Amino acid sequence: MINLQDYKDKTIHFIGIGGCSMSGLAVILKNLGYNPKGSDINESAFTKKLSDERIPFVLGHSAENIGDAALIVYSAAIRPGNPEYDAAKNRGLPMLERSELLGQISRQYETVVGIAGCHGKTTITSMCALILRECGVNLTIHIGGLVDFLGGGVAIGDYPAFITEACEYVKSFLQLRPTHTLINNIDDDHLDFYKDINDIYNAYKEYVELLPQEGILFAYAHDALVMRLAGNSGRRVITYGFENADYTAVDETYDENGCAAFTVCAPHGEAPVRLSVVGRHNMANALAAITICSEVFGVNLQQAGMALSKYHLAERRFELMGEKNGVKVIHDFAHHPSEIAACLEAASRHPHKKLIAVFQCNSYTRAKTLKEKLATCFGYADIVVVPDIYPGRDIDRGEIHARDLVEAIGRHASCLYIPTFEQISDYLDSNAAPGDLVVTLGSGSVGKETKKLL
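None of the values given here were measured: they were computed from a predicted structure.

A. How the structure looks around the pairing of strand S12 (residues 236-241). Where strand S11 (residues 216-220) lies against S12, 5 bridges are found, and the strand directions are parallel. The residue of S12 that forms the bridge with alanine 219 is threonine 239. A crossover connection joins S11 to the parallel S12 through helix H7 (residues 224-231); in handedness this β-α-β unit is right-handed. The sheet contact formed by S12 and strand S13 (residues 247-254) spans 2 bridges and is parallel. Pairing of glycine 241 across the sheet is with threonine 248, part of S13.

B. Unusual backbone geometry, seen in detail. One non-glycine residue with positive phi stands out, namely lysine 171, at about 60°. Within the element layout of this structure, lysine 171 appears in the loop between strand S9 (161-166) and strand S10 (180-183). Positioned with a positive phi, aspartate 251 is a non-glycine residue whose angle comes to about 55°. Relative to the helices and strands, aspartate 251 is located in strand S13.

C. Representation of the side chain of glutamine 360 in the model. Tracing the chain through its elements places glutamine 360 in the loop between strand S18 (355-359) and helix H11 (364-369). Not counting residues within four places of it along the chain, the set of residues in contact with glutamine 360 comprises Pro387, Asp388, Ile389, Tyr390, Phe421, Leu441, Gly442, Ser445 and Val446.

D. Molecular detail of the packing of helix H5 (residues 121-134) against helix H8 (residues 280-297). Where H5 meets H8, the axes come as close as 9 Å, and the angle between the chain directions of the two elements is 50°. Classified by the angle their axes make, H5 and H8 are oblique. The handedness of the crossing between H5 and H8 comes out as right-handed. Facing Thr123, Ile124, Met127, Cys128, Ile131 and Leu132 of H5, the residues of H8 in contact are Asn282, Asn285, Ala286, Ala288, Ala289, Ile290, Ile292, Cys293 and Phe297. Of the residues contributing to the contact of H5 with H8, the split by class is 12 nonpolar, 3 polar and no charged.

E. Structural view of the sheet that holds S10. Taken in spatial order, the 10 strands of this open sheet run S8-S7-S9-S6-S10-S11-S12-S13-S14-S15, and their pairing is mixed. Two strands lie at the open edges of the sheet, namely strand S8 (152-155) and strand S15 (269-278), each paired on one side alone. Going across the sheet, the axis of each strand differs from the next one's by a mean of 20°, ignoring polarity. Judged from the 6 bridges that link them, strand S6 (residues 111-116) and S9 form a sheet pairing that is parallel. The partner of alanine 116 across the bridge, within S9, is alanine 166. Strands S6, strand S7 (140-147) and S9 of the sheet are contacted by helix H4 (residues 98-106), whose axis makes an angle of about 155° with S9. In this fold H5 packs onto S6, S7, S9, S10 and S15, with an angle of close to 125° to the strand it touches most, S7.

F. Highlighting the sheet that holds strand S16 (residues 319-324). Judged by pairing direction, the sheet is mixed, and its 6 strands sit side by side in the order S16-S17-S21-S18-S19-S20 without closing on themselves. Looking at the sheet topology across the chains shown, the edges are occupied by S16 and strand S20 (415-417). In this sheet, adjacent strand axes meet at a mean angle of 20° when their direction is disregarded. The pairing of S18 with strand S21 (residues 437-441) spans 5 bridges and is classified as parallel. Bridging across to S21, phenylalanine 359 finds its partner in leucine 441. In the packing of helix H10 (residues 337-349) onto the sheet, the strands contacted are strand S17 (327-332), S18 and S21, and the crossing angle to S21 comes to about 165°.

G. Quick peek at helix H6 (residues 197-208). For H6, spanning 12 residues, the distance from its first C-alpha to its last is 17 Å, which sits close to the expected 16 Å at 1.5 Å a residue. All buried positions along H6 are accounted for by Ile200, Tyr201, Ala203, Tyr204, Tyr207 and Val208. Down the axis of H6, the buried set is contained in an arc of 155°. They therefore lie on one face. Structurally, H6 contributes buried residues whose contacts are with S6, S9, S10, S11 and H7. Between the side-chain oxygen of the N-cap and the backbone nitrogen of asparagine 198 there are 3.1 Å, and the N-cap of H6 in question is aspartate 196.

H. Up close: the state of the cysteines. Applying the stated criterion to the full structure yields 0 disulfides. Left without a disulfide partner, cysteine 167 is nearest to the cysteine sulfur of cysteine 118, which lies 8.9 Å away. Sulfur of cysteine 293: no disulfide; nearest cysteine sulfur belongs to cysteine 128 and is 4.1 Å away.

About the cut-offs
Along each chain, the written sequence defines residue order, and numbers are assigned to residues from 1. Given that the model is predicted, a residue must reach a pLDDT of at least 70 before its local features are reported, and side-chain atom pairs must reach 80 or more before they are shown or counted; all residues, however, enter totals for whole chains, interfaces and linings. To get the side-chain values, all heavy atoms of the structure are used, and hydrogens and water are removed first. When DSSP finds two or more bridges between a pair of strands, those strands are recorded as paired. Segments assigned H or I by DSSP are reported as helices when at least four residues long, segments assigned E as strands when at least two residues long, and all are numbered from the N terminus. With the strands aimed away from the viewer, a crossover counts as right-handed if its path from the first strand over the helix to the second runs clockwise. Residues count as neighbours in contact if any of their non-hydrogen atoms are within 4.5 Å of one another. Only the stretch in contact is used when fitting a helix axis, every axis being a line fitted to C-alpha atoms; angles between N-to-C directions are given from 0 to 180 degrees. Angle categories: roughly parallel below 35 degrees, roughly antiparallel above 145, roughly perpendicular from 65 to 115, and oblique for all the rest. What makes a crossing left-handed is the near helix being turned counterclockwise from the far one by less than a right angle; a clockwise turn instead makes it right-handed. Gly is placed with the polar residues, together with every amino acid not listed as nonpolar (Ala, Val, Leu, Ile, Met, Phe, Trp, Tyr, Cys and Pro) or charged (Asp, Glu, Lys and Arg). Residue count minus one, scaled by 1.5 Å, sets the expected span of a helix. Think of it in three bands: residues with accessible area under 20% of the maximum for their type are buried, residues over 50% are exposed, and the middle band is partly exposed, with areas taken using a 1.4 Å probe on protein chains only. It is the directions from the helix axis to the C-beta atoms whose arc is reported. Under this definition, polar contacts are N or O atom pairs within 3.5 Å; protein pairs additionally need one hydrogen-donor-capable and one acceptor-capable atom, and for neighbouring residues in sequence, both atoms have to be side-chain atoms. Here, the term disulfide refers to a pair of cysteine sulfur atoms separated by no more than 2.5 Å.

Written as C-alpha cells, this is what we have:
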C-alpha cells in the first residue's frame with residue numbers, strides 16, 4: 001500500500017489538477033509540506049486557486065508533463081489512453097486515484113468529520129466552513145464545489161482537524177478514516193454502480209463501521225434509512241431535524257424571497273437563525289452544520305446563527321444565471337428526484353408568476369432506473385421542459401429516450417419535449433412573460449447550456 005508520508009520530499013503529479021476536488025487536494029498537500037504539480041485541459045476558477053497558492057500546472061496532457069514525479073494522482077475522469085496515465089503506467093510509477101489520496105490525507109489529522117448523504121453534502125460542508133471561519137476555528141476543509149468566500153473548494157488551517165465531503169459514489173467514502181460522520185440521507189442514486197437501495201444502504205453501513213467505538217454518528221431524524229442505520233451502528237448517535245431530535249428547528253418562517261428563519265433548539269440552549277438562501281431543505285442543511293460545529297468544535301449557537309446569515313450557496317446550487325426580457329433564469333445541480341422536488345419547493349417560495357422547470361437527465365441509466373420517481377417530482381412547476389438526455393458516463397443502448405420521460409412526467413404535470421437548448425431558448429422567448437421564473441436542473445452540461453437561454 002502506498003504511504004503518503006514516503007513522498008514528503010518528492011514531486012507529486014496530478015493528472016486533472018484543475019478539477020474541484022483535485023485542486024483542493026493539491027492545495028492541502030502543499031500546506032502539509034508536500035510538492036504537488038499537475039496538468040489539465042482548461043483553465044478554471046480552480047486553476048486560479050492553484051496559481052494563488054503557487055502550485056505549478058500546465059494546460060494540456062502530455063507524457064512529458066510527468067517529469068520527475070515520484071507519485072501520480074489521477075481523477076475518475078482520467079482513463080487508459082490518456083498520455084500521462086499511460087506513461088506513468090509504463091514507467092511503473094506508484095499511482096493513487098483521487099479518493100485514495102483523500103483517504104490518505106484524512107489519516108494526517110486527529111479529528112476527521114465526514115459529511116455524507118446522497119444529497120446536501122456540499123451545502124452542509126460549506127456551511128460548516130463559514131461557521132467555523134467566522135468563529136475563529138481555523139481548520140482544513142475539503143468541499144466538492146466552488147464556494148465564493150473561499151475562492152475555491154478548500155479552506156486551510158492549523159487546527160488539528162479535517163472536514164470533508166464523504167462521497168458514496170463507487171464507495172469512495174470507504175477510503176476515509178472518520179472520527180465523526182454526519183449522514184443527511186440515503187437515497188437510490190448512482191444506480192449505474194449500485195444494484196439497488198439495499199446495496200447503497202450496505203455501503204453506508206460499511207462506512208459507519210469505520211468510525212471508532214468512541215466516534216459519533218450525526219443522523220437526520222426524518223430519513224428512515226439513516227435512522228435504521230443509526231439504530232444498528234453501535235456508536236453514539238446525535239440527531240437533528242424538525243421534531244423528535246436532539247437539535248431541532250422550530251418556529252420556521254419565510255421571507256418574501258423564500259429564505260427561511262427559525263430557532264435552533266439544542267440540549268444546551270437555543271438561538272435564532274436567519275438564512276439568506278431559499279428552501280426548507282436548506283434549513284435542514286443549516287441545522288446539520290450547526291449540530292456539527294456545536295458538538296465537535298464547541299461553537300456557540302448564537303455565533304453559528306449569526307454566521308449563517310452571511311451564507312450564500314455554492315456554485316450551481318440555486319444560482320441566479322441572469323435575466324432576459326424580465327424572466328429570471330436560475331440553475332441548480334439537482335438531478336435526483338428528491339433534489340428536484342426540494343429545489344422546486346424552494347423556487348415556489350421565490351417571487352414568480354409562472355414557474356418553468358427545464359430538466360436534462362444526466363445518463364440513460366438514471367433516466368431508466370428513476371423514471372417513475374422523476375414522473376412525480378415536478379409538482380411545483382407550471383410547465384416542465386425536457387431536452388435530449390445527456391449521456392454522461394453512459395452509452396445510448398436505445399432503451400430509453402427523453403420522450404419516455406416526457407410521457408411519464410406528463411401524467412402528473414404539463415410537460416414538453418424540446419430536443420436542444422437552442423430550441424428551448426426560442427420557446428421561452430415566445431412563451432415566457434416578465435415575472436416568470438425559469439429553473440434549469442441537472443448535473444451534466446446544463447450549467448453551460450443554461451447560458452444559451454440568456
